[in-house]
Amino acid sequence: QKEVEQDPGPLSVPEGAIVSLNCTYSNSAFQYFMWYRQYSRKGPELLMYTYSSGNKEDGRFTAQVDKSSKYISLFIRDSQPSDSATYLCATFYNNAGNMLTFGGGTRLMVKP
Amino acid sequence: NAGVTQTPKFQVLKTGQSMTLQCAQDMNHNSMYWYRQDPGMGLRLIYYSASEGTTDKGEVPNGYNVSRLNKREFSLRLESAAPSQTSVYFCASSEMVGNQPQHFGDGTRLSIL
């Protein structure tokens, strides 16, 4: 079992919809949670970064962490065609030698 | 700002050939990383360099070698390419290893026939 799981999609929504992207993880020690956005033929770029449980909002994007359920979510309000990309969650905990652990990514398509 | 620059962008090799992938960052970051990305597998860490002069193995190091040439540059070498190494390779950098966000290049698409 992978440490971080994501539904690969594709998830197809109409423009203006609210999008919910999710990850589950298995290691309760994870403390830091990130969302990366990756456009086709480009490298991942950091979108959101949260620590521990709770919500963080940035414009149309909200990241939510529920450590009790080991569940992290990214919500996109008023989705736009330019949001069409693959979204990768990543997580980390402080321990010598630990690296970021990535989910496999969810492909999102927002149709005009 | 260039950020993280990878060369080449595309390459086709024959089985058994060798090749070096180049990566340079201009953000004065201490740590650099090499990942491979395969469909359904996500990003898997090959090697990383926590600081200039150090390198360590990641999750999938077999068949690869790395060199941290200086603070800016981190190269990945395939000594004898195999079809299983067909992938997209990403270089990334961060201020330090750990919970720091990583900044990625746009990848090298490598096909091995």
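Above this note sits the structure.
Model, not experiment: these values are computed from the prediction.

Draft legend 1. Broad picture of the interface of chain A and chain B. Contacts between the two partners involve 21 residues from chain A and, on the opposite side, 21 residues from chain B. Interface area for chain A against chain B, summed over the two sides, is near 1600 Å², with a carbon-plus-sulfur share of 59%. Interface area lost by chain A to chain B is led by Arg41, Met99 and Phe102 of chain A, which between them contribute 33%. On the surface where chain A and chain B come into contact, there are one salt bridge. Across the pair Asp106 of chain B and Lys42 of chain A runs a salt bridge, and its minimum N-O distance is 3.5 Å. Counting across the interface, chain A meets chain B through four residue pairs in polar contact (both at pLDDT 80 or more). Secondary structure elements with two or more residues in the side of chain A that touches chain B: strand S4 (32-38), strand S5 (45-51) and strand S9 (85-92) of chain A.

Draft legend 2. The pairing of S4 of chain A, seen in detail. Residue and element names in this part refer to chain A. With seven of seven residues buried, S4 lies mostly within the body of the structure. Of the two faces of S4, the one lined by Tyr32, Met34, Tyr36 and Gln38 and the one lined by Phe33, Trp35 and Arg37 are each fully buried. In terms of strand pairing, S4 meets S5 through six bridges, oriented antiparallel. Bridge pairing in S5 links Tyr32 to Tyr51.

Draft legend 3. Main features of the sheet that holds strand S3 (residues 19-25) of chain B. All names here are of chain B. On the basis of which strands lie adjacent, the open sheet formed by four strands has the order S1-S3-S8-S7 and antiparallel pairing. Taken across any chain shown, the strands that pair with only one partner, and hence form the sheet edges, are strand S1 (4-7) and strand S7 (64-68). Across the sheet, the mean angle from the axis of one strand to that of its neighbour is 20 degrees, orientation sign disregarded. Looking at chain direction, S3 and strand S8 (residues 74-78) are connected through three bridges and run antiparallel. Looking at S8, one finds that Met19 is bridged to Leu78.

Criteria and cut-off values
- Residues numbered from 1 in each chain as written.
- Chains lettered and ligands numbered in written order.
- Predicted model: local features only at pLDDT ≥ 70, side-chain atom pairs only at ≥ 80, totals over all residues.
- Heavy atoms only, no water.
- Contact = heavy atoms within 4.5 Å.
- Buried area = accessible area lost by both parts, 1.4 Å probe.
- Salt bridge = Lys/Arg side-chain N within 4 Å of Asp/Glu carboxyl O.
- Polar contact = N/O pair within 3.5 Å; in protein donor to acceptor, adjacent residues only side chain to side chain.
- Helix = DSSP H or I, 4+ residues; strand = E, 2+ residues; numbered from the N terminus.
- Buried < 20%, exposed > 50% of the residue type's maximum accessible area, 1.4 Å probe, protein only.
- Pairing = 2+ DSSP bridges.
- Axes fitted to C-alpha atoms, helices over the stretch in contact; angles between N-to-C directions.

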